[in-house]
Amino acid sequence: MVAWSTLLGWAKLLTPRVMLAIFIVSAMLLFSPASFITRIGLASFRDTNLQWVGLAFVSSIGLLGAYGIFEHLPKGIETVRFRIKRRHRARSLTTVEKRVIQSYIRNGTRTQRFNFGSGVISGLMACGFVKDEPRAGDPISGFPYNITDWAYRYFEMHPDLIDTPGLLPWNPMEGVP
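The structure displayed is predicted, hence computed values, not measured ones.

**Q** For this particular structure, what's the right way to read the overall build of the protein chain?
**A** Looking only at helices and strands, the protein chain features eight helices and three strands. Start at the N end of the protein chain and walk to the C end: the helices and strands fall as α-α-α-α-α-α-β-α-β-β-α. Pairs at least 24 residues apart make up 68% of the contacts formed inside the protein chain by residues separated by at least 6 positions. Split by element, the accessible area of the protein chain, about 11700 Å² in all, is 65% carbon and sulfur.

**Q** How should the packing of helix H5 (residues 50-90) against helix H8 (residues 149-157) be read in this particular structure?
**A** When two helices pack together, their arrangement is given by the angle between the helix axes and the distance between those axes. Interhelical geometry of H5 versus H8 gives an angle of 45° and a closest axis separation of 12 Å. The orientation of H5 relative to H8 falls into the category oblique. The element H5 and its partner H8 pack so that their crossing is right-handed. Side by side, H5 and H8 meet where Arg86, Arg87 and Ala90 of the first sit next to Trp150, Tyr154 and Phe155 of the second.

**Q** How do you make sense of the pattern of salt bridges when you look at a structure like this?
**A** Two side chains carrying opposite charge are able to pair once their charged atoms lie near each other. With the rule as written, the count across this model stands at four salt bridges. The partner of Arg89 in a salt bridge is Glu97, and the shortest N-O contact between them spans 2.6 Å. By relative accessible area, Glu97 is classed as buried at 6%.

**Q** I would appreciate a short explanation of the side chain of Gln112 in the present structure.
**A** For Gln112, the position within the fold is in strand E1 (residues 111-114). We classify Gln112 as buried; its relative accessible area is 8%. Looking at Gln112, its side chain comes within polar contact range of the main-chain oxygen of Ser103, at 3.0 Å.

**Q** Just checking my understanding: could you explain the nonpolar core for this structure?
**A** Looking at soluble globular proteins, one finds that nonpolar side chains tend to be buried together. Of all hydrophobic cores here, the largest spans 22 residues; its most connected members are Ile101, Leu124, Phe129, Ile147 and Phe155. Sorting the residues of this core by element identifies helix H6 (95-105), helix H7 (119-126), strand E3 (143-147) and H8 as the ones contributing at least two each. Sorting elements by how many residues they give to this core places H8 first, with five residues. Apart from the residues within four sequence positions on either side, Leu124 is in contact with Leu93, Glu97, Val100, Ile101, Phe129 and Val130.

**Q** It is not clear to me how H5 should be interpreted in this structure. Could you clarify?
**A** The periodicity of an α-helix, 3.6 residues per turn, causes residues three or four places apart in sequence to face the same way. The first and last C-alpha atoms of H5 sit 58 Å apart over 41 residues, in line with the 60 Å expected at 1.5 Å per residue. For H5, the complete set of buried residues consists of Val53, Gly54, Phe57, Ser60, Arg86 and Ala90. Contacts from the buried residues of H5 go to helix H2 (16-31), helix H4 (43-48) and H8.

**Q** I tried to follow H6 on my own but got confused; where do I start?
**A** Among the eleven residues in H6, eight count as buried, and that is most of the element. Among the residues of H6, Glu97, Arg99, Val100, Ile101, Gln102, Ser103, Tyr104 and Ile105 are the ones counted as buried. Buried residues along H6 sit in contact with H5, E1, H7, strand E2 (130-132), E3 and H8.

**Q** How should I be thinking about the pairing of E3 in this particular structure?
**A** Two faces, one strand: in a regular strand the side chains alternate between the faces of the sheet. Judged by how many residues are buried, E3 sits mostly within the fold: four of five residues are covered. Pairing geometry for E2 and E3, over three bridges, is antiparallel. Each bridged residue has a counterpart across the sheet, and for Val130 the counterpart in E3 is Ile147.

**Q** Can you walk me through the packing of H2 against H5 in this structure?
**A** Relative to each other, H2 and H5 sit at 140°, their axes nearing to 8 Å. Put simply, H2 runs oblique to H5. As for how H2 packs across H5, the hand of that crossing is left-handed. Contacts from Pro16, Met19, Leu20, Ile22, Phe23, Ser26, Ala27, Leu29, Leu30 and Phe31 of H2 reach H5 at Leu50, Val53, Gly54, Ala56, Phe57, Ser60, Ile61, Leu63, Leu64 and Tyr67.

Calculation criteria
Residues numbered from 1 in each chain as written. Predicted model: local features only at pLDDT ≥ 70, side-chain atom pairs only at ≥ 80, totals over all residues. Heavy atoms only, no water. Helix = DSSP H or I, 4+ residues; strand = E, 2+ residues; numbered from the N terminus. Contact = heavy atoms within 4.5 Å. Areas by Shrake-Rupley, 256 points an atom, 1.4 Å probe, with all protein chains shown as cover. Axes fitted to C-alpha atoms, helices over the stretch in contact; angles between N-to-C directions. Parallel < 35°, antiparallel > 145°, perpendicular 65-115°, else oblique. Left-handed = near helix turned anticlockwise from the far one by under 90°. Salt bridge = Lys/Arg side-chain N within 4 Å of Asp/Glu carboxyl O. Buried < 20%, exposed > 50% of the residue type's maximum accessible area, 1.4 Å probe, protein only. Polar contact = N/O pair within 3.5 Å; in protein donor to acceptor, adjacent residues only side chain to side chain. Core = buried A, V, L, I, M, F, W, Y, C linked by side-chain atoms within 4.5 Å. Expected span 1.5 Å × (residues − 1). Pairing = 2+ DSSP bridges.

Purely geometric numbers; function is a separate question.
Put into structure tokens, the structure is as follows:
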């Protein structure tokens with residue numbers, strides 16, 4: 001009888017790549033035509049170890065599935081939640097935030113300079129609309145901030161979300177928000 005600690009030790013070595021390799025090899029041994037298995041010289045191995053090959057196949061499917069569920073599903077759910085929050089936030093921008101985003105979209109640029117401590121820019125960064133650039137700036141001309149690719153495409157496709165009737169896009173020369 002194999003000790004459980006030995007089995008658990010082996011289970012720790014099973015990375016997703018190893019599990020995928022075990023899945024492919026065991027599937028090949030189980031589902032390939034007999035003529036192919038005979039040609040590569042594994043017919044007697046498959047016949048004597050069929051239950052272990054089957055166990056390896058089923059176990060690798062289970063382990064790969066569990067890995068996918070526990071490793072990638074939470075990240076995917078969090079990504080979907082963030083996208084939903086971001087789209088909801090895009091529909092409730094303040095007038096100043098709309099003007100800042102207009103300055104990117106209507107001027108056809110991805111970089112604008114704003115005050116480092118701007119609450120407006122900090123709020124847009126927290127929502128994933130803009131990101132700061134690590135390049136140096138100064139308090140007079142401001143610091144560079146880039147609009148994210150997602151936000152640029154989204155607001156280009158939905159200009160009504162940043163429409164401010166009677167107000168022009170934020171002009172960095174007016175001062176920094």
